[in-house]
Structure formats: C-alpha cells, structure tokens
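Spelled out from the first residue to the last, the chains are:
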Amino acid sequence: MIPDNFKVAILLSTYNGGKFLERQLDSVLKQTFQNYVIVIRDDGSTDNTLQIIDHYLVDNPDRIRMVNGFGKNLGPSQSFGRLVEYVLANKTELGIIGFAYIAFCDQDDVWDPKKLEITIEALLSKHSDPSQPVLVHTDLRVVDEQLKIISSSLAAYQHLRPQSRNFGRRLVENSVTGCTVLINESLANKAIPVPESAVMHDWWLALVASISGEILFVNQATVNYRQHSGNLLGAVPIKPARLFSKKLIKRVFNRDSEALLRDVGLQSIQFKLRYSEKMGFRQKLLCGTTGTMRKLPPVLQKIIFRFVRLL
C-alpha cells in the first residue's frame, strides 16, 4: 500500500516538443497514482512548446510547476540534472513532506495509466527504508510516430540485459531508459550534480545506484517509446553477430560509434574520480580500462568495449 504522504516529482525537460507534448502531458495527468507534481524546464524551445505549457499551467495550477533559469540549451542530461537539484532544494514549495521521490518524463512518449503506480509499488515492495538509494525502471514498447507498435519490448528489441548486475556491462552499455525511471531522494543526493561528461542523466544515475544502492527492473512495458526524426537517442534494433562473422568484422572496423565510445570513456573517468572511495579494486580497474576508450582509435575502442562488457 502506498503511504498517503508519498509524493512524486515528475521531471520534464522540453525542447521544441510541441508536436507530441500534449499527448504526453495528458497521459501523465491521467495516472492512477495522483499524488505528484510535474516540474518542467524548457531548454530554449522556438516552436509552440511554451504556449502549450502555459495552457496546461492555467488548467492545472496545483499540478504543474515551471522552472526558469539555469541558462538555455543545456541538453537533456544537464537539464534533467538541474531539475533534480531544483526539487531537492525546493521540497517544501513543491508540497513534498519528508523524503522526495523523482520520476523522469520525456516530451514525446505516452505513459500507461498505471505507470507511476507500478514503479512505486515495485520500490516499496523491496525498499521501505528511504535512506537506501534505489532506482526502479521498466521495459518499454517501441512505437512509431503514430504510436503503432514496432516492438512490445525495448529490452528484446535491442538485446539488452536490464536484470544483469554486471558492473562492466553497465559501464559501457546503458540498459536504463530515463522515461521509465523512479528514484528516491537518497540516490538523488548521491548522484548530483550530474557532470557535463555524463553521456545521459539516466546512465549516470544507474552507475551511481550500482555502487551505492540497488537497481530494480520491472519486466513490464509502462511507456510507449515514440520513435521519430527528432529523437536525440532512439531505439535502434540490434542483432547480435556471431564471432568471426562478416557482420561482426564490419562492426569492429566502422567508425560510427567512435564519438559515443569516446564519451563513454570520459564518463567512466569522471565516475571513478568522484566515487573511487566507494568502489572495490575490480570496479576501479574496469573504470580505468573503459576510460582508455577516450583516446583509442575505433578498432581498439570496440575491443575494449567488448572486453569490459563481459567482465
């Protein structure tokens, strides 16, 4: 049973999302769990996004809070990071009594009505102690621009292993999708500020949770994950290649992932610098090994990637 004082801050960072924003906000407002506040920060939209937000603010003054400041065009990782900081600094103003719980919302998806309820109950079923850092996430349905189902499971679509506790795999492959995530205040305090070197805020939160708390995966889709031309990071189907196959050799020698793997290396180095005292020897070694990808040529990057993912 969810306590009466359990309140969720739903964080929404917008940027030129007018085409899909109304459908998403409507799905959030129709949640079966209703003790929440939507905290929105716009990252410099030039379309009708702000007009849509203003309309919802007028109709839902007790449900929605608009945050100004922090500059513009920070990108999603930094924008969501600043929203987390805002919630922790303004709990009373947001009507949060006691511990804060934070969910993340993308502007172009559609939530199932029980999305919040499912993640909250999963958290409470294993973690009644709010001092224990925890992150809960779920599977998603991959849908096209018109919400037609492409795949009923993102995890299957991309051959992810969200239930894996393999730290090396978490360093180089993010299986936590932010728009499904619920975290508690304890984890938020340990993760902020989200560094500029973080590839994405959800990946950073998952790494922090993996060494300081726990990650819970709910094997149920709770979000329609819309794919369209404006996706910054979308759901690309991935098929595993057999060892020594032409497909695998082609992947190893192409340069498409060079920039991403370099960023993953930078993220790993920053993570090691900040949390070294909480890590064991093996975790430090994996972070250091992953960090070498920031300076290696593409072929060696991919060798390190595959090596670390197995450890």
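Scroll up to find the structure.
Residues numbered from 1 in each chain as written. Predicted model: local features only at pLDDT ≥ 70, side-chain atom pairs only at ≥ 80, totals over all residues. Heavy atoms only, no water.

1. Notes on the packing of aromatic side chains
Piece 1. Considering all chains together, one arrives at seven aromatic pairs under this definition.
Piece 2. Each ring, one from phenylalanine 80 and one from phenylalanine 104, has its centre 5.8 Å from the other, and the planes form 65 degrees; the classification is edge-to-face. Remark: phenylalanine 104 occurs in strand S4 (residues 101–105) and phenylalanine 80 occurs in helix H3 (residues 76–89); sequence separation between them is 24 residues.
Piece 3. Put simply, the rings of Phe167, Trp204, Phe271 and Tyr275 touch in pairs and so form one group of aromatic residues.
Piece 4. One residue, lysine 115, lies across the ring of tryptophan 111, its end atom 4.0 Å from the ring centre. (Phe/Tyr/Trp six-rings, centres within 6.5 Å; stacked < 30°, edge-to-face > 60°. Helix = DSSP H or I, 4+ residues; strand = E, 2+ residues; numbered from the N terminus. Lys NZ or Arg CZ within 6 Å of the ring centre and 35° of its normal.)

2. Examining the nonpolar core
Here is a general trend for soluble globular proteins: nonpolar side chains tend to be buried in one another's company.
Piece 1. Membership of the largest hydrophobic core comes to 48 residues, with the highest contact counts inside it found for Leu11 and Phe271.
Piece 2. Ranked by residue count, the leading element in this core is helix H8 (residues 201–212), at eight residues.
Piece 3. Dropping the residues within four chain positions of it, leucine 11 is found in contact with Val39, Phe80, Leu83, Val84, Val87, Ile102, Ala103, Phe104 and Cys105.
Piece 4. Counting 38 residues, the second largest nonpolar core, distinct from the first, contains Val8, Tyr56, Tyr101 and Val218. (Core = buried A, V, L, I, M, F, W, Y, C linked by side-chain atoms within 4.5 Å. Buried < 20%, exposed > 50% of the residue type's maximum accessible area, 1.4 Å probe, protein only. Contact = heavy atoms within 4.5 Å.)

3. Notes on helix H4 (residues 115–126)
Piece 1. In a regular helix each residue adds 1.5 Å, so 12 residues correspond to 16 Å; H4 covers 18 Å between its end C-alpha atoms and thus fits that length.
Piece 2. Turning to H4, its buried residues are Lys115, Leu116, Ile118, Thr119, Ile120, Ala122 and Leu123. (Expected span 1.5 Å × (residues − 1).)

4. Regarding the pairing of strand S1 (residues 8–14)
Piece 1. Of all seven residues in S1, seven are buried, a share of seventy percent or more.
Piece 2. A two-sided burial pattern is seen for S1, the buried positions comprising Val8, Ile10, Leu12 and Thr14 on one face and Ala9, Leu11 and Ser13 on the other.
Piece 3. Alignment of S1 against strand S2 (residues 36–42), held across seven bridges, turns out to be parallel. Pairing of threonine 14 across the sheet is with aspartate 42, part of S2.
Piece 4. Handedness of the crossover joining S1 and S2 through helix H1 (residues 21–29) is recorded here as right-handed.
Piece 5. Bridge count for S1 against S4 is five bridges, and the pairing is parallel. By the bridge assignment for S4, isoleucine 10 is matched with alanine 103. (Pairing = 2+ DSSP bridges. Right-handed = clockwise from strand over helix to strand, strands pointing away.)

Scope: geometric values only; no functional claims are made or implied.
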